[in-house]
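The residues making up each chain are set out below.
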Amino acid sequence: MDEIERQSEERAWDTAKMLAEDLPYIQVYDRETVVIKYGGHAMGEESVARQFAADVVLLKLMGVNPVVVHGGGPQISAMLDKAGVKSSFVDGLRVTDADTMQVAEMVLSGAVNKEIAHWITMAGKEADVRGVGLSGKDAGLLTVEKTRRTKRDPDSMIEHEVDLGFVGEPTRVDAKLIKRLIESDADWVPVIAPIGVSETGQTFNVNADTVAGAVAGALDAKRMLLLTDVPGVKDKAGNIIRQMTVSQAQGLIEDGTASGGMIPKLQTAMAAVEAGVEAVVILDGRRPHAMLVELFTETITEELDFRLEAENMLDVAEVFAHLDQRGFVVARPHPTLVTRRVLVMERLQGYGWEDIEGMIAAGISGRDVIRTGMVGFTEGAMVHCIFH
C-alpha cells in the first residue's frame, strides 16, 4: 500500500468513526423541527449560499425538519441606494415608508426568497429534496400589527413614540401550511420571507429574527439557529458570551451592551425560549457547516458561541447521581453526554427535586427516565432537558 492509499484509508476510517459518534445527536434531532434564520451579508456570497443550501439538505436527509426564515437587509439597502433612497434604523429596525415597503417586498419575497429555495432544490436534486419559497402573506401564514417603539430623550428623559412606518410584529402564526410541508412524505423545505399582513390587509415589513422566533414557537421547534455575519454576542469588554439566561440577555439590552441589530436578535431569542423552544443559538453563518457543528458535535468553537436558555441549570452528572441514589434506573444516552450539562426549562423554575421526581415517577418509568434529551413527562407537565 503506497502513501496515498494509506492516507485515503485513514480518512475513510476517520469518516466512519465520526458518523458513529454522531449517532446520539442524530437520534436527538430525529423528526424534530429546527428553525433556521439565515441572514447577514453572507447571503450575498454565492459560494456561502450554496454551502448553506447543501447543509440544509443534509439536515433534511438526516431526519431533521429544517424550516428556513431569511432576511435580506443588505439586498434591500443596495436596491434603495440604487433608487437614491436613504435608509434609517431605530434599534436595528428599518424605518419603512410606502416606497421602501414596495422595495422590501420585491426583494424579500422575490429575488432573495426564490434564490434560497432554488439553491436548496439544486443541492437536493439527487435525493429530490426541494425548497419551497413562501411569504408570510401566503395562506395567512403571518398576521402582524404595526410595531410601536419609544425612545427616551437624553436631555429631558421624556419618552416619545417613534414612527417606524410599515414595520410590523407578529400577532399570530398560522402554521398549518408549514406543518403540511414538513410532515409530507415528500422532502419539502419551507423557505419563508419576512413579510406579513395586518387584520385590515395592510402589508408590513417584519424583522426576520422576529419572524423566525414566532415561527419556532408556533412549531414547537426543538432548536432555533440564528445565522448572521457577526461572531456572536459580546460583553462590554468585547469577549464572546458563550451562554446566558433570559434575564441576563434582558440585562444586556437594558444596560446598553447590546445595540443595533443585536437587540431584535436577543428579544427574539428570549421570546422563543419563553414560547417553549428548548434553546436558541446565534451562529456565525460565514463559517462553513456552522449548523452541523452546533447540532451534531460536542465541541463548539469560540466563534459559534451564543446560547440563550432558560434559567434553571443543573449539572447532568448531578442529575444522574441524584436519581441513582433515589432508586431511579437511568439510561445514559451516550457516555460523552454525561460530562455535559443538562438544561431544565424555565417553566420548571422553582421546582425542587421532589417535584421533578414526582413528574418522572408519574409519567415514565424504568430505563426511560432519561432518554434522548428528555427527563420525562406527565400528562400536564414535561421536564425538558437538552445536552450540550
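Residues numbered from 1 in each chain as written. Predicted model: local features only at pLDDT ≥ 70, side-chain atom pairs only at ≥ 80, totals over all residues. Heavy atoms only, no water.

**Details of the overall build of the protein chain**
Keep this limit in mind: Each helix is a run of H or I in the DSSP string that is no shorter than four residues. Each strand is a run of E no shorter than two, and both are numbered from the N terminus. Three labels apply to residues, based on accessible area from a 1.4 Å probe with only protein chains included: buried if under 20% of the type maximum, exposed if over 50%, partly exposed otherwise in between. Only heavy atoms enter the contact rule, under which two residues are in contact if any of them lie within 4.5 Å. Working definition of accessibility: Shrake-Rupley area with a 1.4 Å probe, residue cover restricted to the visible protein chains.
When helices and strands are tallied, the protein chain shows eleven helices and 20 strands. Evaluated residue by residue, the protein chain yields a buried proportion of 48% over its 388 residues. In the protein chain, the share of contacts with a sequence separation of at least 24, taken over all contacts with a separation of at least 6, comes to 73%. As displayed, the protein chain has an accessible area near 18,400 Å², and 51% of this comes from carbon and sulfur atoms.

**A look at the nonpolar core**
For clarity, the threshold we go by: The criterion is simple. A nonpolar core is a set of buried Ala, Val, Leu, Ile, Met, Phe, Trp, Tyr and Cys residues joined through side-chain atoms within 4.5 Å.
Counting 42 residues, the largest nonpolar core has Tyr38, Phe52 and Ile120 as the members making the most contacts within it. Per-element tally for this core: the top contributor is helix H4 (residues 98–123), with ten residues. Each residue touching Phe52, except ones within four places of it in the same chain, is listed here: Ile36, Tyr38, Val68, Ile116, Leu227 and Met291. Grouped together as the second largest cluster of nonpolar side chains are 39 residues, Leu142, Ile192, Phe204 and Met262 included.

**Things to note about the pairing of strand E1 (residues 33–38)**
For the record, the criterion: Paired strands, in this sense, are two strands between which DSSP finds at least two bridges.
Counted residue by residue, E1 has six buried out of six residues, so it is predominantly covered. Where burial is concerned, the two faces of E1 agree: the one with Thr33, Val35 and Lys37 and the one with Val34, Ile36 and Tyr38 are both buried. With six bridges joining them, E1 and strand E2 (residues 65–70) adopt parallel strand pairing. Residue pairing across strands places Val34 opposite Pro66, the latter belonging to E2. Here E1 pairs with strand E13 (residues 223–228) via five bridges, running parallel.

**Structural notes on the packing of aromatic side chains**
The relative placement of two aromatic rings is captured by the distance of their centres and the angle of their planes. Here is the rule: Note on ring pairs: Phe, Tyr and Trp rings are taken, using the six-membered ring of Trp, and paired if centres are within 6.5 Å. Classes follow the plane angle, with under 30 degrees stacked, over 60 edge-to-face and the rest tilted.
Under the definition given, this model contains three aromatic pairs. Between Tyr29 and Phe296, the ring centres sit 6.1 Å apart and the planes meet at 85 degrees, which makes this aromatic pair edge-to-face. On the criterion of sequence distance, the pair formed by Tyr29 in helix H1 (residues 3–29) and Phe296 in helix H9 (residues 290–296) is long-range, its members being 267 residues apart. Just as Tyr29 is buried, Phe296 falls in that class too. Ring geometry for Phe166 versus Phe204: centroids 6.0 Å apart, planes at 55 degrees, classification tilted. Separated by 38 residues along the polypeptide, Phe166 in the loop between strand E8 (159–162) and strand E9 (167–173) and Phe204 in strand E12 (residues 203–206) bring together distant segments of the chain.

**Points about the pairing of E2**
A large share of E2 lies buried, amounting to six of its six residues. Where burial is concerned, the two faces of E2 agree: the one with Asn65, Val67 and Val69 and the one with Pro66, Val68 and His70 are both buried. Examined bridge by bridge, E2 and strand E10 (residues 187–193) share two bridges and lie parallel to one another. For Val68, the partnering residue across the bridge sits in E10 and is Val191.

**Quick notes on the pattern of salt bridges**
Put simply, the test is: For this document, the term salt bridge refers to a Lys or Arg side-chain nitrogen within 4 Å of an Asp or Glu carboxyl oxygen.
For the structure on display, the rule yields nine salt bridges. Glu199 is paired through a salt bridge with Arg172; the nearest N and O atoms lie 3.3 Å apart. Taken as a pair, Glu199 in the loop between strand E11 (195–197) and E12 and Arg172 in strand E9 lie far apart in primary sequence, 27 residues in all. Notably, a salt bridge pairs Arg223 with Glu294, separated by 3.8 Å at the nearest N-O pair.

**Quick word on unusual backbone geometry**
Of note in this structure, Arg31 is not a glycine but carries a positive phi near 60 degrees. Even without being a glycine, His289 presents a positive backbone phi close to 65 degrees. Within the element layout of this structure, His289 appears in the loop between strand E15 (279–284) and H9.

**Quick look at the side chain of Thr268**
The test is simple: Under the rule applied, a polar contact is a pair of N or O atoms within 3.5 Å (in protein, one hydrogen donor and one hydrogen acceptor; residues adjacent in sequence only if both atoms are side-chain atoms).
Among the structural elements, Thr268 can be located in helix H8 (residues 262–274). Since its relative accessible area comes to 5%, Thr268 is described here as buried. Side-chain polar atoms of Thr268 contact the backbone oxygen of Asp209, separated by 3.2 Å. Setting aside residues up to four positions removed in sequence, Thr268 forms contacts with Asp209, Thr210, Gly213 and Met224.

**Concerning the environment of Met291**
Mapped onto the elements, Met291 comes out in helix H9. On the basis of relative accessible area, Met291 is assigned to the buried category, the value being 2%. Along the sequence, Met291 and Phe52 sit 239 residues apart, while their C-alpha atoms lie 8.7 Å from each other. For Met291, the contacting residues outside a window of four places in its chain are Ile36, Phe52, Asp55, Val56, Leu59, Leu225, Leu227 and Leu283.

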